[in-house]
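Results of the structural survey
The residues making up each chain are set out below.
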Amino acid sequence: MTAAEIKAIGERAEAMLDALASISAEPDRLTRLYLTEEHRRAARLVAEWMRAAGLRVRMDAAGTVHGLLPGSNKGPSAGKRLLVGSHIDTVVDAGRYDGTLGVVAGILAVEELRRRGIVLPFALEVLAFGDEEGVRFPKTLLGSSVVSGSLRDPMLDLTDADGVTIRAALAAFGGDPDALEAEAYRPEDVLGFIEVHIEQGPVLEQLGLPLGVVTSIASQGRYRLTVKGEAGHAGTVPMATRRDALAAAAEMVLAIEAVGMIQSIGRTGDDVRTETLVATVGEIKALPGASNVIPGEVRFSLDIRAGTDRAREEAVAEVRRRIDEIAGRRGVAVRIETVHEKVVAASAPEMVERIAGAVEAVTGSPSHRLMSGAGHDGQAMVHLAPIGMIFVRCRGGISHNPAEYASPEDMGIAVAALVETILGLGAES
Ligand code: HGY
Ligand code: MN
Ligand code: MN
């Protein structure tokens, strides 16, 4: 592809992402949650683009939009499909590239293949998942868990902040809570899953590279903590006798930060290197929530990630130890519930090699391999098929923030690398 063609594709991507970014639940910031009206409008727009690109479009029982490009069905990969895509839901006050870039890149790659008149030996299917972030419901990766058949826990009765269950929201959206299992693909029918995604970190920018090749997705745990003390009158309860749930929670949050800062947690005989360990409290709520009442209860989230499962498990154990000590000293009770735990999801080695080759062919420079600290749909899709990810440089590594930005040039190069990766698979199938 010429530089002009790559730039034109990148500009198309930017325009499509701008159109998607205008679909939000809030007028002055981007928030698009699973099974909402905004999800429906974004899904409709993506379906329109897919149809215009010549794809056969359908929505599955979980609200994922599928766009299928049939192949010649010849050779060893006859009857199989390659999946590409990402998610169209967002966090609160989100950037416009996280997830959506992977869907748009898949559609643009199909357009480029058709422009060249290429018919692949296998089918190519673009997927737009409706729930990767897990912001509305305490469950993440719902769409990709359905497609990959890795839906384990009966989560349909989980509720959002308004008490609406996933089951009810799915039915109201036009999905089918009773048909989720039937939507699962069989491993023998799928060649792989490739996702184009912004890096959401600073590495590629620091290296001056437009693209990177993801080797694995970090081990990730998401927890919900409840601290129970005793509500009381802010004006009359002596400080020394208080069981202030918010003061206790505040000390716990600092303890969590300290664990995240630790480079290693000493163990008898061998340190556990907690490389890339990160620990975040993103949500906190004090109850009953009045300025003249000592908080009797506090609920807060905990997100812990590390490059290895062992490092994450060590860190969670250390957090539990410190939190229990604080609770005991302050006379409060604390409960830690697991929302989800995901082990490291490794990209398939053959997929890493193939993507690295495509990146080098398109960029003319060596490809850089890196781990993803952010979670992705590949953590579910890895149960179905070999996964691979193409990372795209993002300015300042900023993400989950409206300042998130990827250049049209880099996005065009990412689509070109995706096309090369797909053609490489096609040549061998
Ligand atoms: O939390 C994550 O890493 C992803 O953005 N869902
Ligand atoms: Mn995200
Ligand atoms: Mn994402």
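Look up: the structure comes first, before these words.
Nothing here was measured: the structure is a model prediction, and the numbers come from that model.

1. Here we look at the coordination of the manganese ion (ligand 3)
Protein coordination at the manganese ion (ligand 3): the donors are H87 (NE2), D98 (OD) and H197 (NE2), at 2.1 to 2.3 Å from the metal. One chain supplies every donor to the manganese ion (ligand 3), and in sequence these donors are spaced H-x10-D-x98-H. If you look at the manganese ion (ligand 3) and the manganese ion (ligand 2), they sit 3.5 Å from each other and are both ligated by D98. Here D98, found in the loop between β3 (81–87) and α3 (100–115), pairs with H197, found in strand β5 (residues 190–198); they are 99 residues apart in sequence, far enough to count as distant. Just as D98 is buried, H197 falls in that class too.

2. Considerations on the site of ligand 1
The immediate surroundings of ligand 1 are formed by E132, E133, Q220, R222, R305, A374, G375 and H400. Here a nitrogen atom of ligand 1 and a side-chain polar atom of E133 are 2.9 Å apart. Contacts to ligand 1 include H400, whose side-chain N or O atom sits 3.0 Å from an oxygen atom. Protein chains shield 93% of the accessible area of ligand 1, which is 220 Å² for the free molecule. The residue inventory of the shell around ligand 1, partitioned by class, reads 1 nonpolar, 3 polar and 4 charged. Per-domain counts for the shell around ligand 1 show at least three residues from each of domain 1 (3–218 + 344–428) and domain 2 (219–342).

3. A short note on the packing of aromatic side chains
Scanning all chains against the criterion turns up 3 aromatic pairs. Ring geometry for Y97 against Y405: centres 6.0 Å apart, planes inclined by 80°, an arrangement best described as edge-to-face. With Y97 in the loop between β3 and α3 and Y405 in the loop between β18 (387–392) and α11 (408–428), this residue pair connects regions lying 308 residues apart in the sequence. Overall, Y97 belongs to the buried group, its relative accessible area being 3%. Y405 sits in the partly exposed class, given a relative accessible area of 25%. Over the ring of F173 we find R40, and its NZ or CZ is 4.9 Å from the ring centre.

4. Considerations on the pattern of salt bridges
Side-chain pairs of opposite charge can arise where the charged atoms are in close proximity. Within the structure shown, the criterion is met by 30 salt bridges. Between R167 and D157 there is a salt bridge, and its shortest N-O distance comes to 3.9 Å. With R167 in helix α5 (residues 166–173) and D157 in the loop between α4 (142–147) and α5, this pair connects stretches of sequence that are 10 residues apart. Accessibility expressed as a relative area gives 33% for R167, which makes it partly exposed. For D157, a relative accessible area of 55% puts it in the exposed group. With its nearest N and O atoms 2.8 Å apart, the salt bridge here joins E297 to R299. Through salt bridges that share partners, E5, E112, R115, R116 and E420 make up one connected network.

5. Structural notes on the coordination of the manganese ion (ligand 2)
Protein ligation of the manganese ion (ligand 2) involves D98 (OD), E133 (OE) and H400 (NE2), the donor distances falling in the range 2.1 to 2.2 Å. Positions of the donor residues of the manganese ion (ligand 2) along the chain correspond to the pattern D-x34-E-x266-H. The class of D98 is buried, set by a relative accessible area of 7%.

6. Here we look at the environment of M59
Structurally, M59 is set in strand β1 (residues 56–59). A relative accessible area of 38% places M59 in the partly exposed class. Once the C-alpha coordinates of M59 and F129 are considered, the two residues, 70 residues apart in sequence, prove to be 10.0 Å apart. When residues no more than four places from it in sequence are discounted, the contact partners of M59 are A43, T64, V65 and F173.

7. Examining the packing of helix α7 (residues 245–261) against helix α8 (residues 309–330)
The relative placement of two packed helices comes down to the angle between their axes together with the axis-to-axis distance. Taken N-terminus to C-terminus, the directions of α7 and α8 make an angle of 155°; their axes are 9 Å apart at the nearest point. Considered as vectors, α7 and α8 are oriented roughly antiparallel to each other. Crossing hand, α7 versus α8: right-handed. Contacts between α7 and α8 involve A247, A248, E251, M252, A255, I256, A258 and V259 from the former and A315, E318, V319, R322, I323, I326, A327, R329 and R330 from the latter.

Parameters and conventions
Residues numbered from 1 in each chain as written. Chains lettered and ligands numbered in written order. Predicted model: local features only at pLDDT ≥ 70, side-chain atom pairs only at ≥ 80, totals over all residues. Heavy atoms only, no water. Donors = N, O, S within 2.8 Å, 3.2 Å for Na, K, Ca; no water. Helix = DSSP H or I, 4+ residues; strand = E, 2+ residues; numbered from the N terminus. Buried < 20%, exposed > 50% of the residue type's maximum accessible area, 1.4 Å probe, protein only. Near = heavy atom within 4 Å. Polar contact = N/O pair within 3.5 Å; in protein donor to acceptor, adjacent residues only side chain to side chain. Areas by Shrake-Rupley, 256 points an atom, 1.4 Å probe, with all protein chains shown as cover. Nonpolar A, V, L, I, M, F, W, Y, C, P; charged D, E, K, R; others polar. Domains from an automatic or database assignment. Phe/Tyr/Trp six-rings, centres within 6.5 Å; stacked < 30°, edge-to-face > 60°. Lys NZ or Arg CZ within 6 Å of the ring centre and 35° of its normal. Salt bridge = Lys/Arg side-chain N within 4 Å of Asp/Glu carboxyl O. Contact = heavy atoms within 4.5 Å. Axes fitted to C-alpha atoms, helices over the stretch in contact; angles between N-to-C directions. Parallel < 35°, antiparallel > 145°, perpendicular 65-115°, else oblique. Left-handed = near helix turned anticlockwise from the far one by under 90°.

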